[in-house]
Amino acid sequence: MKLILILLAILLTPFLLLSGLGRADLWHTDFFWRGRASLAFLLIFTGSAHFWATEPMTRMLPSWVPMRAGLVYFTGLMELAAVVGLLLPPFSRFTAWCVIALLVSVFPANIYAAVQRIDLAGQGAGPIYLAIRLPVQCFLIWWTWWFGTH
């Protein structure tokens with residue numbers, strides 16, 4: 001559960017800092033760019049985690065899923081690629097929709113991990129974890145849609 005709070009802090013802190021710098025006339029940035037940059041910062045953290053926590057993330061997938069480690073690496077690469085796409089205005093809208101699709105597609109792994117009580121990022125708490133994770137996942141989808149498609 002603590003990791004969810006850390007992820008929210010990683011998302012919100014850059015947005016608030018960039019907003020404060022803009023108000024202080026230190027660095028002017030577009031409101032929607034600040035939201036995309038903050039999401040990109042979060043994706044750097046979560047995407048890189050696929051490479052240093054591959055084994056625990058692999059356990060989040062049922063054993064019948066083929067090439068589980070490869071899938072973990074692939075999704076990490078997709079998150080890191082999204083960082084670039086979100087920050088480049090010609091690609092940000094398309095990238096945002098891809099991130100939304102990724103967020104929706106990985107949620108079943110969170111359900112599986114919670115039901116199986118996989119001890120990673122709070123999922124060992126079981127289904128109660130989903131009561132926290134689902135609203136956070138919806139918030140991330142909303143954030144991506146709001147800042148990425150406008």
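In what follows, the structure referred to is the one given above.
What you see is a predicted model, and the numbers here were worked out from it, not measured in a lab. (Residues numbered from 1 in each chain as written. Predicted model: local features only at pLDDT ≥ 70, side-chain atom pairs only at ≥ 80, totals over all residues. Heavy atoms only, no water.)

J.: Would you take a moment to explain the environment of Met67 for this structure?
T.: For Met67, the location among the structural elements is in the loop between α3 (54-59) and α4 (68-87). Take Met67: its relative accessible area is 68%, and that puts it in the exposed class. Residues Met67 and Thr95, spaced 28 residues apart in sequence, show a C-alpha to C-alpha distance of 25 Å. (Helix = DSSP H or I, 4+ residues; strand = E, 2+ residues; numbered from the N terminus. Buried < 20%, exposed > 50% of the residue type's maximum accessible area, 1.4 Å probe, protein only.)

J.: Is there a simple way to explain helix α6 (residues 128-148) in this structure?
T.: A turn of α-helix holds 3.6 residues, and therefore any two residues three or four places apart point the same way. The terminal C-alpha atoms of α6, which comprises 21 residues, lie 30 Å apart, in line with the 30 Å expected from a rise of 1.5 Å per residue. Three or more residues of α6 are buried, namely Tyr129, Leu130, Arg133, Val136, Gln137, Leu140, Trp143, Thr144, Phe147 and Gly148. Taken around the axis of α6, the buried residues stretch over an arc of 150 degrees, which confines them to a single face. (Expected span 1.5 Å × (residues − 1). Arc of directions from axis to C-beta.)

J.: Please explain the side chain of Thr58 as it appears in this structure.
T.: Counting through the fold element by element, Thr58 comes out in helix α3. When sequence neighbours within four positions are dropped, the list of residues in contact with Thr58 reads Arg68, Ala69 and Val72. (Contact = heavy atoms within 4.5 Å.)

J.: What is the right way to look at the packing of aromatic side chains in this model?
T.: For any pair of aromatic rings, geometry is given as the distance between the ring centres together with the angle between the planes. Tallied over the full model, the rule gives 15 aromatic pairs. Their ring planes at 75 degrees and their centres at 6.5 Å tell us that Trp142 and Phe147 sit as a pair that is edge-to-face. Its relative accessible area of 4% is what places Phe147 among the buried residues. Relative to Phe147, the ring of Trp143 lies with its centre 4.6 Å away and its plane at 45 degrees, an arrangement referred to as tilted. Taken together, the positions of Trp143 and Phe147, both in helix α6 and 4 residues apart, correspond to about one turn of that helix. Of the two residues, Trp143 and Phe147, neither departs from the other in class, the shared state being buried. Each member of the aromatic cluster is reached from another via a ring pair, and the members are Phe15, Phe31, Phe32, Phe139, Trp142, Trp143, Trp145, Trp146 and Phe147. (Phe/Tyr/Trp six-rings, centres within 6.5 Å; stacked < 30°, edge-to-face > 60°.)

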